[in-house]
Amino acid sequence: MADASLNLNPANPLPLAAGDRPDAAPAPEKAEPQATIRIDEKHPLAIRWMHWVNFPVLFTMVWSGLLIYWNDSDNAYNYPHRVYRIGLGRFTLLRLFPNWFYNLFHVPYHVTQGLGYHSFFMWVFIVNGLAWVAYTAFSGEWRFVIPLKSSLRDAIQVTLVDLRLRKGLPPQTKYNGGQRIAYTSCALMGVMMVLTGFAIWKPTQLHLLTTLCGGYEMARWLHFWTTMSFMGFFLIHVYQVIAAGWSNFRSMVSGEDIQGVDAVSLDAERKSWR
Ligand code: HEM
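Calculation criteria
Residues numbered from 1 in each chain as written. Predicted model: local features only at pLDDT ≥ 70, side-chain atom pairs only at ≥ 80, totals over all residues. Helix = DSSP H or I, 4+ residues; strand = E, 2+ residues; numbered from the N terminus. Buried ≥ 20, exposed ≤ 12 C-beta atoms within 10 Å, placed from the backbone. Near = placed C-beta within 6 Å. Nonpolar A, V, L, I, M, F, W, Y, C, P; charged D, E, K, R; others polar. Axes fitted to C-alpha atoms, helices over the stretch in contact; angles between N-to-C directions. Parallel < 35°, antiparallel > 145°, perpendicular 65-115°, else oblique. Left-handed = near helix turned anticlockwise from the far one by under 90°. Contact = placed C-beta atoms within 7 Å. Pairing = 2+ DSSP bridges. Expected span 1.5 Å × (residues − 1).

### As for the overall build of the protein chain
So, point 1. The helix and strand inventory of the protein chain stands at 10 helices and 4 strands.
So, point 2. Counting over 274 residues, the protein chain shows a buried share of 14%.

Rendered as C-alpha cells:
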C-alpha cells in the first residue's frame, strides 16, 4: 500500500487518508479490548501438597487395611473375610467381601505385611491431616471450607442442576455448598478413622477411648464403615472432578484457575479476612 510520507513528487500528491487531512475531525479512538477472563490464585501451595500426599497415603491405608481385614479371630477361617454385610434384619444383600473380590485382588494371608504398612502410613496420614487443620486454621482458608447456613440448600440446588432438573447455580466463593459439606465431612471422617483405629490398635492402654467407641467390636465396626464412607466420598469426588473439567483439575496442580472477570475474586476475599 502507498505511504504518503514516501511520496517524493509534490506535483502529484497522493490522496491523504481521511484522518490525516488538516480539516478532518480526529478519528475516534479504537476501543481497548476488554478482558473477559482472569487468572485467580485458587489453591495455596501447602493445600496442594497436603492434598496430593493424601492420595497415595490413603490408598496404602485402605489396601493394607484390606490385608488385615481377613484375619478375623471370631470366625477363625470360617468366612474370615466376610465379617460385615449390607442387609436388613435377616435379609442379607451382600457380604463384605465376596470371594470373587478376594480372589481377584489376591489379598488373603498377608496380615503381617498389612499391619506393617498400616501402622507406618497411619502416622503420615495423621501428620498430614494435622498439618491441613493447622494450615487452614491459621491462613483463614477454613472460611472457604466449613459449611454455611445456606450450604445444605445450595447443595440440593447444585445437585438438581447437575441432574439437569433445574437451572441456575447458587452464588459461591471457592467452593459451593455441596463441596463445603463434603470436604468438612471428609476431615471429620479422617478424625473418626484415627480415633477408631487407635481404639482397636491399643484397646488395653486406650481402654477409655475403646469404651467411648462402644467397645472393641463397635470400634471395629465404626472403623470399617468410616473407611467405606471415605471410599464413597472418593468415588463421588473423582466423578465430580472429571465432570468439572480440566481447568478445575489443573487448579489443584498449579494453584491457578481461569475465572470469568465477574466471578468473585478469591484474593479480595482473602484480603478481607486480614
Ligand atoms: C485421583 C484422586 C483425586 C483427584 C483427581 C482430586 C482432585 C481434586 C481437585 C481438583 C480439588 C479441587 C476442587 C475444586 O477446586 O473445586 C480437590 C479438592 C479436595 N480433595 Fe481431592 N482429589 C483426589 C483425591 C482425594 C482424596 C483421596 C481425598 C481424601 C482425603 C481428597 C480430598 C479433597 C479435599 C478435602 C479437597 C478440598 C481441599 C481444600 O480446599 O483444602 N481428594 N481434589
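### Brief notes about the site of the ligand
So, point 1. Around the ligand sit 16 residues in total, of which Asn54, Tyr183, Cys186, Val241 and Met252 are the nearest.
So, point 2. Of all the secondary structure elements, the ones that give two or more residues to the shell around the ligand are α1 (45-69), α6 (177-201), α8 (216-244) and α9 (246-254).
So, point 3. The biggest single contributor to the shell around the ligand is α1, with 5 residues.
So, point 4. Across the shell around the ligand, the residue classes tally to 11 nonpolar, 5 polar and no charged.

### Overview of unusual backbone geometry
So, point 1. For the bond running from leucine 96 to phenylalanine 97, omega is 5 degrees, close enough to zero to count as cis.
So, point 2. Looking at the secondary structure, you find phenylalanine 97 in the loop between β3 (91-96) and α2 (99-105).
So, point 3. Positioned with a positive phi, arginine 164 is a non-glycine residue whose angle comes to about 60 degrees.
So, point 4. As for its position among the elements, arginine 164 is in the loop between α5 (151-162) and α6.

### Looking at the packing of α6 against α8
So, point 1. Two elements in contact, α6 and α8, have axes separated by 9 Å at closest approach and are oriented at 150 degrees. Put simply, α6 runs roughly antiparallel to α8. In the crossing of α6 with α8, the sense of the turn from one axis to the other is left-handed. Residues Ala182, Cys186, Met189, Met192, Met193, Thr196, Gly197, Ala199 and Ile200 of α6 lie in contact with α8, whose contacting residues are Tyr216, Ala219, Arg220, Leu222, His223, Thr226, Thr227, Ser229, Phe230 and Phe233.
So, point 2. Counted by class, the contact of α6 with α8 contains 12 nonpolar, 6 polar and 1 charged residues.

### A few points about the pairing of strand β2 (residues 84-88)
So, point 1. When you tally the buried positions in β2, you get 0 out of 5 residues, a small fraction of the element.
So, point 2. Here 5 bridges tie β2 to β3, and the two strands are oriented antiparallel to one another. Across the sheet, the residue bridging to tyrosine 84 is leucine 96, located in β3.
So, point 3. Between the end of β2 and the start of β3, which pair antiparallel, lie 2 residues, with glycine 89 showing a positive phi angle near 60 degrees.

### A word on the environment of tyrosine 109
So, point 1. Summarising the element assignment, tyrosine 109 is placed in the loop between α2 and α3 (111-139).
So, point 2. Overall, the presence of 10 C-beta atoms within 10 Å leaves tyrosine 109 in the exposed class.
So, point 3. Considered as a pair, tyrosine 109 and tryptophan 70 are 39 residues apart in the sequence and their alpha carbons are 7.7 Å apart.

### Describing α6
So, point 1. Helix length check: α6 (25 residues) gives 36 Å between terminal C-alpha atoms against 36 Å at 1.5 Å per residue, within 8%.
So, point 2. Those residues of α6 that fall on the buried side of the exposure criterion are Gly177, Gly178, Gln179, Arg180, Gly190, Met193, Thr196, Gly197, Ala199 and Ile200.
So, point 3. Where α6 is buried, its residues contact α3, α4 (142-145), α5, α7 (207-212) and α8.

By themselves, these observations are geometric and do not establish any function.
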